[in-house]
Amino acid sequence: MISDRVLRELTNLLGPENIVTRRDDLIPYASDATHLSYMPDAVAFPGNAQDISRILVLANQEEFPVIPRGGGSGKSGGALPVRGGLVLSMDRFNRILLIDPINLIAKVETGVITSVLQEEVEKLDLFYPPDPASIKICTIGGNVAENAGGLRAVKYGVTRDYVLGMTAVLPTGEIIKAGVETAKGVVGYDLTRLLVGSEGTLAVITDVILRLIPKPASTRTMMALFHTVSAAVETVSEITRHKIIPTALELMDRLCIDCVRSELGMSLPPQCGALLLIEVDGDKALTKREAERIREICLQSGAMEFMAASRKREAEKLWEARRNVSAAVYKLRPDKVSEDVVVPRSRMAELSSFLDALGRKYNLSIAAYGHAGDGNIHVNILFDKNAPEETRKVDEVVRELFRKVLEAKGTISGEHGIGLTKAPYLDMEMSRPAIELMARIKLAFDPKGILNPGKIFPYRS
Ligand code: MLT
Ligand code: ZN
């Protein structure tokens, strides 16, 4: 609990317009995309790195938690103030400082909305590929903190692959520069890589230097329908076996299709049990050739139908429906646990049969969708938290799922991070010495454990 005296000090530091403490004003900052809720004591809206530095110095002195927050779209609870304290909203860090078409970089404050940056760079025929499904509400800072992926990761990689450097405030208040503003740089330990994906536990990142690439000249969007998920994911392997790496290669199972059927803008036969949404990009001749080849591969692999979006609006509708799946599956049950596992592409069919059996064994609906091109499947376990016979089973279902994924040489999180919700399972994947090394790194950055406590580590950090 932050005392009234400390709240007064924070108000003096930031000005009364940049701190809120009224319960009603705090509520939007208590929750995120996990739908869990923990009330903070206050929310601060710092305007620059120095403000953050002063807040963190005070937090060390008075020992209260500070929790950085971007768009609040996180899926593992990274921005939740689980031990109360001060939420640090990055809303005011909303400037694009530079887009440089010669050096192919952008310098961006971390509160900038990801889609806003993308629109700005595309005006200059440049491209910033990472595109999490929450692109219209998530921030660059949140993406960097979580090392977010997205639909285009199959071809273009994840946020980490585009971060060249950054300014960050350490939990003890020092402001550092990490990385470079150039295409290359190998000076010292790679602090940039360490901070990307550190889930707001090691530093508060205030601006980043991002790598840009030229905008692809054309794109083509296609949809293939299958009787089963197994047939759809076998087709994914076939596409890569033919040395084609689409921009996006997304899967929806029957439950997901039913939830967004009306949004797809195309009528689908009732016997359709899975679909793939596929996009290719590049120069016109290449995308035409690849699209034709993909059509052949899909039909040879048993697709019941194959359609190509003929207009931009048609393609946009398909992608909007896809981005909306996560929210739409709440139509099935009022609550869900949303997992984010990755297996080698070649083992997705095995995972799909396993999920069918798991749902039957526990009598729970399990919806699966996501980045099939990466082997990254969002396994959504649906339940009703007011039905104790359902909630009791969820943890065991998650553990069985993770055991299967790890046995298949996969990982328990491809893009959502460990945060709060997956911390109890971290030691299923990481060895004790590896977790202890991470804990020593955390201690070196944050000796008093004030920055985003209660995250990542399965025990108190
Ligand atoms: C997505 O791909 O839709 C996002 O990662 C969110 C999710 O559904 O889990
Ligand atoms: Zn995703």
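These figures come from a predicted structure and were not determined experimentally.

J.: Before we go on, may I ask you to explain the nonpolar core in this structure?
T.: Buried together is how nonpolar side chains tend to be arranged in soluble globular proteins. In terms of nonpolar packing, the biggest core is built from 53 residues, with Leu-251, Ile-294, Leu-351, Leu-355 and Leu-401 touching the most fellow members. Of the residues forming this core, the biggest block, 7 residues, is contributed by helix α13 (residues 348-362). Taken together, domain 3 (218-326) and domain 4 (332-417) each give at least three residues to this core, which thus spans both. Among all residues touching Leu-251, those that are not within four sequence positions of it are Val-229, Ala-232, Val-233, Ala-274, Leu-275, Leu-276, Tyr-369, Gly-370, Ala-372 and Ile-377.

J.: Sorry, what's going on with the coordination of the zinc ion (ligand 2) here?
T.: Under ideal tetrahedral coordination, the four donors around a metal are separated by 109.5 degrees; under ideal octahedral coordination, the six donors are separated by 90 or 180 degrees. Looking at the zinc ion (ligand 2), one finds its protein donor set to be His-371 (NE2), His-378 (NE2) and Glu-415 (OE), positioned 1.9 to 2.1 Å from the metal centre. Sequence spacing of the donors to the zinc ion (ligand 2): H-x6-H-x36-E. In this pair, His-378 is assigned in strand β19 (residues 376-383) and Glu-415 in the loop between α14 (388-407) and α15 (426-429), connecting sequence segments 37 residues apart. The class of His-378 is buried, set by a relative accessible area of 3%.

J.: Help me out: how do you make sense of the sheet that holds strand β2 (residues 42-44) in this one?
T.: Sheet strands associate in pairs through backbone hydrogen bonding, adopting either a parallel or an antiparallel arrangement. Reading across the sheet, the 4 strands line up as β1-β2-β4-β3 and stay open at both edges, with mixed pairing between neighbours. This sheet does not close on itself; its edge strands, each paired only once, are β1 (19-20) and β3 (66-69). By the bridge criterion, 3 bridges tie β2 to strand β4 (residues 86-89) in an arrangement that is parallel. Within β4, the position partnered with Ala-42 by the bridge is Leu-86.

J.: Looking at this structure, how should I read the sheet that holds strand β5 (residues 96-100)?
T.: Taken in spatial order, the 5 strands of this open sheet run β5-β6-β10-β8-β9, and their pairing is antiparallel. With one partner strand each, in any of the chains shown, β5 and β9 (175-179) form the two edges of the open sheet. Here the strands of the sheet are splayed against their neighbours by 10° on average, with no regard to which way each runs. Pairing geometry for strand β8 (residues 163-169) and β9, over 5 bridges, is antiparallel. Bridge pairing in β9 places Ala-168 opposite Ile-176. Lying over the sheet, helix α4 (residues 114-123) contacts β5, β6 (105-109) and β10 (204-211), oriented at roughly 35° with respect to β5.

J.: Even after reading the chapter, I still don't get the packing of aromatic side chains, so can you show me in this structure?
T.: The geometry of an aromatic ring pair is captured by two quantities: the separation of the ring centres and the angle between the planes. Summed over all chains, the structure comprises 4 aromatic pairs. With 5.5 Å between their ring centres and 80° between their planes, Phe-127 and Tyr-156 make a pair best called edge-to-face. A residue pair is termed long-range when its members are at least 10 positions apart, and Phe-127 in strand β7 (residues 126-127) and Tyr-156 in helix α6 (residues 153-156) qualify at 29 residues. Plain terms: the ring middles of Tyr-128 and Tyr-162 are 6.0 Å apart, the flat faces sit at 80° to each other, and that makes the pair edge-to-face. Residue Tyr-128 is located in the loop between β7 and α5 (140-146), and its partner Tyr-162 is located in the loop between α6 and β8; the two are separated by 34 residues in the primary sequence. A relative accessible area of 0% means that Tyr-128 is categorised as buried.

Definitions and cut-offs
Within any chain, residue numbers begin from 1 and follow the written order of that chain's sequence. Lettering for chains starts from A, numbering for ligands starts from 1, and both go in the order in which the items are written. A pLDDT threshold of at least 70 governs which residues receive local features in this predicted model, and a stricter bar of 80 or more applies before side-chain atom pairs are shown or counted, although totals over entire chains, interfaces and linings include all residues. To get the side-chain values, all heavy atoms of the structure are used, and hydrogens and water are removed first. By nonpolar core we mean a set of buried residues, namely Ala, Val, Leu, Ile, Met, Phe, Trp, Tyr and Cys, connected to one another through side-chain atoms within 4.5 Å. The classification of residues rests on relative accessible area computed with a 1.4 Å probe and restricted to protein chains. Under 20% of the type maximum is buried, over 50% is exposed, and intermediate values are partly exposed. Numbering of helices and strands runs from the N terminus; a helix is a DSSP stretch of H or I covering at least four residues, while a strand is a stretch of E covering at least two. Domain limits in this description derive from either an automatic procedure or a database domain assignment. The contact criterion used throughout is that any non-hydrogen atoms of two residues lie within 4.5 Å. Distances up to 2.8 Å from the metal define which N, O and S atoms are donors, and 3.2 Å serves for Na, K and Ca; water is absent from the atom set, so sites may look incomplete. One requirement defines pairing of two strands: DSSP has to find at least two bridges between them. Here the axes come from fitting lines to C-alpha atoms, over the contacting stretch only for helices, and the angles between their N-to-C directions go from 0 to 180 degrees. Between 30 and 60 degrees the pair is tilted, below 30 it is stacked and above 60 it is edge-to-face, where a pair is any two Phe, Tyr or Trp rings, Trp via its six-membered ring, whose centres lie within 6.5 Å.

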